Amino acid sequence: AQSVTQPDIHITVSEGASLELRCNYSYGATPYLFWYVQSPGQGLQLLLKYFSGDTLVQGIKGFEAEFKRSQSSFNLRKPSVHWSDAAEYFCAVDQGGKLIFGQGTELSVKP
Amino acid sequence: KAGVTQTPRYLIKTRGQQVTLSCSPISGHRSVSWYQQTPGQGLQFLFEYFSETQRNKGNFPGRFSGRQFSNSRSEMNVSTLELGDSALYLCASSWTALDGYTFGSGTRLTVV
């Protein structure tokens, strides 16, 4: 069965520092991959998606992610974190119209 | 354009009761999916509807059901509520999978 693993439950970074959130997936074919962000009490907002082609994808709010088939990874990055980026981040793979989510990574930003 | 609208935002129900949640997708989106989010189990897929037909179903008991209307609006129903059904229920709509899924703000259900 397909699965998504986010190894880091909680990450704290300083404002202005770079960020990388890890995501590993288990999927037989070329996956449709997504990163979503969730603020407390809110729904999920799509940051970016990957289906095929260029393995480096750009998203909203200055985020990017790189698809690495050899490592089964789709890590999310941002060069400089802002305090407003504090939230929970979810990686997901599309299994035929059904999203399989990782456990989420909670990001805290310290001044 | 309007996003995905879920009503109500908050609900408190008593164990044993039933509840109906509503989701209005983005105009033109024909696929509507439902997810349950809890601290212990995370985000879990409930079901997906496309053009009034259930296309996918997750691993939930039969107490959880849904339907989709001709205008693509969807409802999910939970009967004989249990304490463990307390969760944030999220609805998502899409045009195609390649476009990604747009989520609503969710309905917070508390069962007491």
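One can find the structure itself at the top, above this paragraph.
From a predicted model like this one, the values you see are computed outputs, not experimental measurements.

Caption draft 1: Structural view of the overall build of chain B. Counting its secondary structure elements, chain B contains 0 helices and 11 strands. Secondary structure elements of chain B, listed N to C terminal, follow the sequence β-β-β-β-β-β-β-β-β-β-β. Rg of the C-alpha trace for chain B: 13 Å, near the compact-globule value of 13 Å for 112 residues, within the 12% margin. Judged by the C-alpha coordinates and their principal axes, chain B covers about 35 × 25 × 25 Å. Split into buried and exposed, the 112 residues of chain B put 49% on the buried side. In chain B, the share of contacts with a sequence separation of at least 24, taken over all contacts with a separation of at least 6, comes to 52%. Carbon and sulfur atoms make up 48% of the accessible area of chain B, which amounts to about 5,300 Å² in all.

Caption draft 2: Spotlight on the sheet that holds strand β1 (residues 5-7) of chain B. All names here are of chain B. Strand order in the open sheet formed by 4 strands is β1-β3-β8-β7, with antiparallel pairing between adjacent strands. Of all the strands in the sheet, the pair left with one neighbour each is β1 and β7 (64-68). Direction aside, the axes of adjacent strands within the sheet are offset by 20° on average. Sheet topology places β1 next to strand β3 (residues 19-24); 3 bridges connect them, and they run antiparallel. Looking at β3, one finds that Gln6 is bridged to Cys23.

Caption draft 3: A look at the environment of Tyr89 of chain B. Residues and elements named next belong to chain B. Positionally, Tyr89 belongs in strand β9 (residues 87-94). The class of Tyr89 is buried, set by a relative accessible area of 0%. C-alpha of Tyr89 to C-alpha of Thr20: the two residues are 69 residues apart in sequence and 11 Å apart in space. Among all residues touching Tyr89, those that are not within four sequence positions of it are Gln6, Leu21, Tyr35, Gln36, Leu46, Phe64, Met76, Gly106, Thr107 and Leu109. A polar side-chain atom of Tyr89 sits 3.0 Å from a polar atom in the side chain of Gln36.

Caption draft 4: Molecular detail of the side chain of Ser33 of chain B. With respect to the element layout, Ser33 of chain B can be found in strand β4 (residues 31-38). Each residue touching Ser33 of chain B, except ones within four places of it in the same chain, is listed here: Gly97 of chain A together with Phe45, Phe47, Glu48, Leu90, Cys91 and Ala92 of chain B.

Caption draft 5: Inspection of the interface of chain A and chain B at higher detail. Listed per partner, the contact involves 18 residues of chain A and 18 residues of chain B. The contact between chain A and chain B buries some 1,500 Å² in all, and 56% of this surface belongs to carbon and sulfur atoms. When residues of chain A are sorted by the area they lose upon contact with chain B, Leu44, Gly97 and Lys98 of chain A head the list and together hold 27% of the total. Counting across the interface, chain A meets chain B through 0 salt bridges. For the pair chain A and chain B, the interface holds 6 residue pairs in polar contact (both at pLDDT 80 or more). Sorting the residues of the side of chain A that touches chain B by element identifies β5 (32-38), β6 (44-50), β10 (87-94) and β11 (99-101) of chain A as the ones contributing at least two each. At 4 residues, β5 of chain A tops the list of elements feeding residues into the side of chain A that touches chain B. Across the side of chain A that touches chain B, the residue classes break down as 9 nonpolar, 6 polar and 3 charged.

Caption draft 6: Representation of the environment of Leu107 of chain A. Residue and element names in this part refer to chain A. Of note, Leu107 is situated in strand β12 (residues 105-110). Leu107 gets classed as buried once you look at its relative accessible area, which sits at 3%. With 97 residues separating them along the chain, Leu107 and His10 place their C-alpha atoms 6.0 Å apart.

Calculation rules
Residues numbered from 1 in each chain as written. Chains lettered and ligands numbered in written order. Predicted model: local features only at pLDDT ≥ 70, side-chain atom pairs only at ≥ 80, totals over all residues. Heavy atoms only, no water. Helix = DSSP H or I, 4+ residues; strand = E, 2+ residues; numbered from the N terminus. Rg over C-alpha atoms; globule rule 2.2 N^0.38 Å. Buried < 20%, exposed > 50% of the residue type's maximum accessible area, 1.4 Å probe, protein only. Contact = heavy atoms within 4.5 Å. Areas by Shrake-Rupley, 256 points an atom, 1.4 Å probe, with all protein chains shown as cover. Pairing = 2+ DSSP bridges. Axes fitted to C-alpha atoms, helices over the stretch in contact; angles between N-to-C directions. Polar contact = N/O pair within 3.5 Å; in protein donor to acceptor, adjacent residues only side chain to side chain. Buried area = accessible area lost by both parts, 1.4 Å probe. Salt bridge = Lys/Arg side-chain N within 4 Å of Asp/Glu carboxyl O. Nonpolar A, V, L, I, M, F, W, Y, C, P; charged D, E, K, R; others polar.

Function cannot be inferred from these measures alone, as they are strictly geometric.
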